[in-house]
Amino acid sequence: MEQTSKSIEDALSQLESELASRKPQALGIKVSEPDDLPPVAALARLINQYGQDVGNYLETEAQRQKRRSDELMQAYNALQAQTEEMNKELGMARRIQQRLLPLEEELPDRPEIKCAGYYAAMSNVGGDLYDIIRIGRNAYGILIADVSGHGIPAALITALVKISFRTKIHWGVTTDEVCAQVNGEIYPLLNDLDYFVTAFFCIMDLEKGVLQYTNCGHDPALVQRLGAEFPLVLDTRGRFLGAFDVGGYESKTLDLQAGDTLFMYTDGIIESRSLLDEEYGGERLLAFLADCEPLAPDELVKAVFRDMDDFCMGAPARDDRSMFAVQYVQGTEDRHELPAASPVSAGPD
C-alpha cells in the first residue's frame, strides 16, 4: 500500500511537472496517462480532454479572429480607396468651382475701372460666388452671391446662379429685371429644397457714370468715396433668390464720382468670430473702411482680410468668405448711342 501511495504521489508530481512545463503559446494541454495507476490515468484523461476542448476552442477562436481581422483590413482598404476617390473628386470639384470665379486675366483690363476679388471656402467647396460680366462696350454687370449651406450642393447651385445671371444680362436691361428673371428660373428648382440664394447685383455704366443696383436679401454693398466720412450704403427691397415665386425686387441708381470703390462681400466676412467668440460685425467693417486710406481694389481686399484675420486671432472659419471690389477710376470717352432702358427708382436712401 505504501508503495502504491508512493507511486500515485510520483505520478501526480509528474502531472504537475508536465503542466508546469507547458509552453504558454500552446493551444491545448497534453499530459501522460500512467497505465498502472487507474486513478491517476483517469485524472490525466480528464485533463487531456479539457485541454483538447480548450485547444479546439482557442484554435477556432484564433481562426475566427484572423478571419475577422482580414475582413476588417479589407473593409479598411476599401474605405481608404473610396476616401481617396472622394478626395480626388472633391479636389476636382474645388478646381471647377474656382473656375466659376473670374481669373485675374479675365478681369476688365482698361483704364476706367480696376477690380479684385477674394474667395475662401470653409470646406473643399463652398457656396459663394462673385462675377463681372461685360455688357456692350462700356458697361459691366457685377454680382456677388451666397448660397445657403455648404459643400457640393451649394457649389452646384452657385454654378446654376452664375449661368442664370450671365444668360439674363444684356444691354438695356435693368438690375431688378435681371434678378426677377433669375429668380423665376431657379425658383422651380430650389423652392422644395432647403436652399436659397442671397445676391447683390449691379450694373456699372462707364458712359453715364452711373451704378444701378438691386439687393436680393444680401448684405448691402458699400462705396468708398473720396472725402466722405463714411462709406455709402447701397440697399434695396428684394427677397432671397429661389425662395419665393415673386421676389419684389427694385433697382436704384448712384451717380459715380472718380475714385469711388464699390465693395461687396458675403456674410462669412462680417460673421467671422474670434477665439473669444466675438463677431467681427458690419459696424467694424464700416469703421475700418471709413478709416482706411484710399487703396486700389487688390490692396483694399487684402487690408480688409488682414483686419478680419487679426480680429479673429486665428480662429477657424465657420462660413465661406468672399469679397469683390471695383473702383470707378474715370468715365469712358468711348461713347455710343444708348438704347432706351427701363425706368429705375431714384438714388439711394
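Here we summarise the structure given alongside this text. Along each chain, numbering runs from 1 in the same order as the chain's sequence is written. Where totals are concerned, whole chains, interfaces and linings use all residues; where local detail is concerned, this predicted model gives features only for residues with pLDDT of at least 70, and gives and counts side-chain atom pairs only at 80 or more. Side-chain figures throughout are based on the complete set of non-hydrogen atoms in the structure, without hydrogens or water.

## Considering the side chain of His 218
Counted only if it meets this: Comment: elements are numbered from the N terminus, with helices defined as DSSP H or I runs of at least four residues and strands as E runs of at least two. Contacts described as polar in this section are N or O atom pairs within 3.5 Å, which, within protein, must combine one atom able to donate a hydrogen with one able to accept it, while residues neighboring in sequence count only if both atoms come from side chains.
With respect to the secondary-structure elements, His 218 resides in the loop between strand 5 (210-216) and strand 6 (221-224). Within polar-contact distance, the side chain of His 218 engages the backbone oxygen of Tyr 265 at 2.7 Å.

## Focus on the environment of Asn 191
For clarity, the cut-off: Exposed residues in this analysis have more than 50% of their type's maximum accessible area, buried residues have under 20%, and partly exposed residues fall in between, with area computed by a 1.4 Å probe over protein chains only.
Here Asn 191 shows up in the loop between helix 4 (175-190) and strand 4 (197-205). Note on Asn 191: relative accessible area 38%, which makes it partly exposed. A sequence separation of 50 residues divides Asn 191 from Leu 241, and the C-alpha atoms of the two residues are 9.6 Å apart. A polar contact of 2.9 Å, which involves the side chain of Asn 191, links it to the backbone oxygen of Tyr 187.

## Focus: the sheet that holds strand 3 (residues 139-147)
The test is simple: Following DSSP output, two strands are said to pair if at least two bridges run between them. To get an axis, a line is fitted to the C-alpha atoms, and for a helix only the part in contact is used. The angle between two axes follows their N-to-C directions and goes from 0 to 180 degrees. For this analysis, residues touch if any pair of their heavy atoms sits within 4.5 Å.
In space, the 5 strands of this open sheet follow the order 2-3-4-5-8, with antiparallel pairing throughout. The sheet is open, and its two edges are formed by strand 2 (128-135) and strand 8 (252-255), each paired on a single side. On average, each strand axis in the sheet is tilted by 15° relative to the strand beside it, whichever way the strands run. Here strand 3 runs beside strand 4; their pairing, made up of 9 bridges, is antiparallel. The residue of strand 4 that forms the bridge with Asp 146 is Thr 198. Contacts from helix 4 reach strand 4 and strand 5 within the one sheet, and its direction differs from that of strand 4 by about 155°.

## Re the sheet that holds strand 9 (residues 261-265)
Sheet architecture is open: 5 strands sit in the order 1-10-9-6-7, paired in antiparallel fashion. Two strands close off the open sheet at either side, each with one partner strand: strand 1 (113-120) and strand 7 (232-234). Along the sheet, successive strands turn relative to each other by an average axial angle of 20°, direction set aside. As judged from the 3 bridges shared by strand 6 and strand 9, these two strands associate in the antiparallel manner. Bridge pairing in strand 9 places Gln 224 opposite Thr 261. Packed on one face of the sheet, helix 6 (residues 282-291) meets strand 6, strand 7 and strand 9 and runs near 15° to strand 6. Relative to strand 10 (residues 321-328), helix 7 (residues 297-312) is tilted by about 145°, and along the sheet it contacts strand 1, strand 6, strand 9 and strand 10.

## Describing the environment of Ser 164
Residue position: Ser 164 is located in helix 3 (residues 151-168). Sequence separation of Ser 164 and Asn 183 is 19 residues, and the distance between their C-alpha atoms is 9.0 Å.

## Here we look at the pairing of strand 3
Most of strand 3 is tucked away: 9 of the 9 residues are buried. Covered by surrounding structure in strand 3 are Ala 139, Gly 141, Leu 143, Ala 145 and Val 147 together with Tyr 140, Ile 142, Ile 144 and Asp 146, the residues of both alternating faces. Both strand 2 and strand 3 contribute to a ladder of 8 bridges, which runs antiparallel. Across the sheet, residue Leu 129 finds its bridge partner in strand 3, namely Ala 145. Linking two consecutive strands that pair antiparallel, namely strand 2 and strand 3, is a turn of 3 residues; a positive phi of about 65° is found at Gly 136 within it.

## As for the nonpolar core
We apply this condition: We define the nonpolar core as a collection of buried residues of types Ala, Val, Leu, Ile, Met, Phe, Trp, Tyr and Cys that are connected through side-chain atoms lying within 4.5 Å of one another.
Of all hydrophobic cores here, the largest spans 53 residues; its most connected members are Ile 142, Phe 165, Val 197, Met 204, Leu 234, Leu 241 and Leu 262. Counting residues in hydrophobic clusters, the runner-up holds 18 residues, among them Ile 269, Tyr 280, Leu 289 and Val 304.

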